Amino acid sequence: MSRAEVREETTAAVPGPVVVRSASPLWSLGLLRSELLTTFRRWRTLALLAVLAAVPVLVGVAVRIETGDGSSLGGGGGGGEGPAFISQISNNGLFLVFTALAATLPFFLPMAVGVVAGDAIAGEASAGTLRYLLVAPAGRTRLLLTKYATVIAFCLAATLVVAVSALAVGALLFPAGDLTTISGTRIGYAEGLGRALLIALVVAASLVGVAALGLFVSTLTGSGIAAMATTVGLLITVQILDQIPQLDALQPYFFSHYWLSFADLMREPVYWDDLVKNLGLQALYAAVFGSAAWARFTTKDVTA
């Protein structure tokens, strides 16, 4: 059922006793489909995805121009993060995928997720459509879960947009073939593609904490702009705090602390410790702020 149908059904309702209907699984899938279509048809969402897709293009073109005379591109050594990958792009275009994800993960990707998550509930309230959605038989809990599932879908879509754009640009501008891991071993191109896909999935999973935080903030206000600005502000604040040496005892608990651990998937053998810590931390943030969002939303007095 679309939002327009919900609005029409509500407007056409006649006075009388309220009949409570249970939400069927098919209705829930229809609600999720409607939310996905609404989210991914917005010009704001399309603009965010376009900006994300442009980042690998800019990086690839810059590296191509820099190495056009046959010189090598300088990069960091041994850290396994973005700078270390940059120095390998001219040798194998697949490294552009890893570089683009490392470049967008600290700010661009979480900012885009924060905008979508912050607008999830508050945007409906500011537009005056939230109360019409709550008339539907799904109830507040199912609506909140649908909103969160939509934000998670955006996390995956945004990450894949960056990865696919980087893969295409890397294949066009640079050679392809076997690649050297951070550990110095050689792996085939097919295995490299598999690891690139796994890295993209890990990056998407690294954003579920931001998604839950943004959804919680979205339940606190009726202004979509305020919710988006607050979520992005919290993201920037945490990023700054994660760079202050005096807070090293607290930094392992910041949701962004282990984001770049995905580079360990390019080691041979794979180093899992920080990867597991990152995924566990994201699950903890999702549980804490998801529960807080549920507690707030189910008791919130919705007037818009």
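Only a predicted model underlies this, so the values are computations on that prediction, with no experimental measurement involved.

Draft legend 1. Layout of helix 10 (residues 208–220). Across its 13 residues, helix 10 extends 19 Å between first and last C-alpha, which sits within 8% of the 18 Å expected from 1.5 Å per residue. Counting buried positions along helix 10 yields 12 of 13 residues, so the element is predominantly enclosed. Listed in full, the buried residues belonging to helix 10 are Val208, Gly209, Val210, Ala211, Ala212, Leu213, Gly214, Leu215, Phe216, Val217, Ser218 and Thr219. Check the buried side of helix 10 and you find it contacts helix 6 (108–127), helix 8 (139–173), helix 9 (189–205), helix 11 (224–241) and helix 12 (273–299).

Draft legend 2. View of the nonpolar core. Among the nonpolar cores identified, the biggest contains 59 residues, and Val97, Phe98, Val113, Phe154, Ile199, Phe255 and Phe262 are the most heavily contacted of them. For this core, the elements supplying multiple residues, two or more each, are helix 3 (43–66), helix 5 (95–104), helix 6, helix 8, helix 9, helix 10, helix 11 and helix 12. In terms of residue count, the dominant contributor to this core is helix 8 (eight residues). Excluding residues within four positions of it along the chain, Val97 makes contact with Ala163, Ala166, Leu167 and Ala196.

Draft legend 3. Up close: the pattern of salt bridges. Inspection of every chain in the model, using the stated rule, returns seven salt bridges. Note that Asp119 and Arg42 form a salt bridge whose closest N and O atoms lie 3.7 Å from each other. With Asp119 in helix 6 and Arg42 in the loop between helix 2 (25–41) and helix 3, this pair connects stretches of sequence that are 77 residues apart. With a relative accessible area of 10%, Asp119 lands in the buried category. Arg42 sits in the partly exposed class, given a relative accessible area of 26%. Residue Arg195 is joined to Glu191 by a salt bridge in which the shortest nitrogen-to-oxygen separation is 2.9 Å. Taken as a pair, Arg195 and Glu191 lie in helix 9 at a separation of four residues, close to a single helical turn.

Draft legend 4. Structural view of the packing of helix 6 against helix 8. The geometry of helix 6 relative to helix 8 is characterised by a closest axis approach of 10 Å and an angle of 155° between their N-to-C directions. Considering the angle they form, helix 6 stands roughly antiparallel to helix 8. In the packing of helix 6 onto helix 8, the handedness of the crossing is right-handed. For the pair helix 6 and helix 8, the contacting residues are Leu109, Ala112, Val113, Val116, Ala117, Ala120, Ile121 and Glu124 in the first and Leu144, Lys147, Val151, Phe154, Cys155, Ala158, Thr159 and Val162 in the second. Each residue belonging to the contact of helix 6 with helix 8 can be placed in one class, and the counts come to 13 nonpolar, one polar and two charged.

Draft legend 5. Molecular detail of the packing of aromatic side chains. All chains considered together, the criterion is met by seven aromatic pairs. Seen from their ring centres, Phe40 and Phe154 are 6.2 Å apart, and the 40° between their planes marks the pair as tilted. Here the residue Phe40 occupies a position in helix 2, and Phe154 occupies one in helix 8, the gap between them amounting to 114 residues. For Phe40, a relative accessible area of 25% puts it in the partly exposed group. For Phe154, a relative accessible area of 0% translates into the label buried.

Draft legend 6. Representation of the packing of helix 8 against helix 10. As a packed pair, helix 8 and helix 10 sit with axes 10 Å apart at the nearest point and diverge in direction by 140°. By the angle between their axes, helix 8 is oblique relative to helix 10. Along this stretch, helix 8 crosses helix 10, giving a crossing that reads as right-handed. Here Leu144, Lys147, Tyr148, Val151, Ile152 and Cys155 of helix 8 lie close against helix 10, whose contacting residues are Val208, Ala211, Ala212, Leu215 and Thr219. Residues of the contact of helix 8 with helix 10, tallied by class, amount to nine nonpolar, one polar and one charged.

Draft legend 7. Quick look at helix 9. An ideal rise of 1.5 Å per residue puts 24 Å on 17 residues; helix 9 measures up with 24 Å between its terminal C-alpha atoms. When we look at burial in helix 9, the residues that qualify are Gly192, Arg195, Ala196, Ile199, Ala200, Val202, Val203 and Ala204.

Cut-off values and rules
- Residues numbered from 1 in each chain as written.
- Predicted model: local features only at pLDDT ≥ 70, side-chain atom pairs only at ≥ 80, totals over all residues.
- Heavy atoms only, no water.
- Helix = DSSP H or I, 4+ residues; strand = E, 2+ residues; numbered from the N terminus.
- Expected span 1.5 Å × (residues − 1).
- Buried < 20%, exposed > 50% of the residue type's maximum accessible area, 1.4 Å probe, protein only.
- Contact = heavy atoms within 4.5 Å.
- Core = buried A, V, L, I, M, F, W, Y, C linked by side-chain atoms within 4.5 Å.
- Salt bridge = Lys/Arg side-chain N within 4 Å of Asp/Glu carboxyl O.
- Axes fitted to C-alpha atoms, helices over the stretch in contact; angles between N-to-C directions.
- Parallel < 35°, antiparallel > 145°, perpendicular 65-115°, else oblique.
- Left-handed = near helix turned anticlockwise from the far one by under 90°.
- Nonpolar A, V, L, I, M, F, W, Y, C, P; charged D, E, K, R; others polar.
- Phe/Tyr/Trp six-rings, centres within 6.5 Å; stacked < 30°, edge-to-face > 60°.

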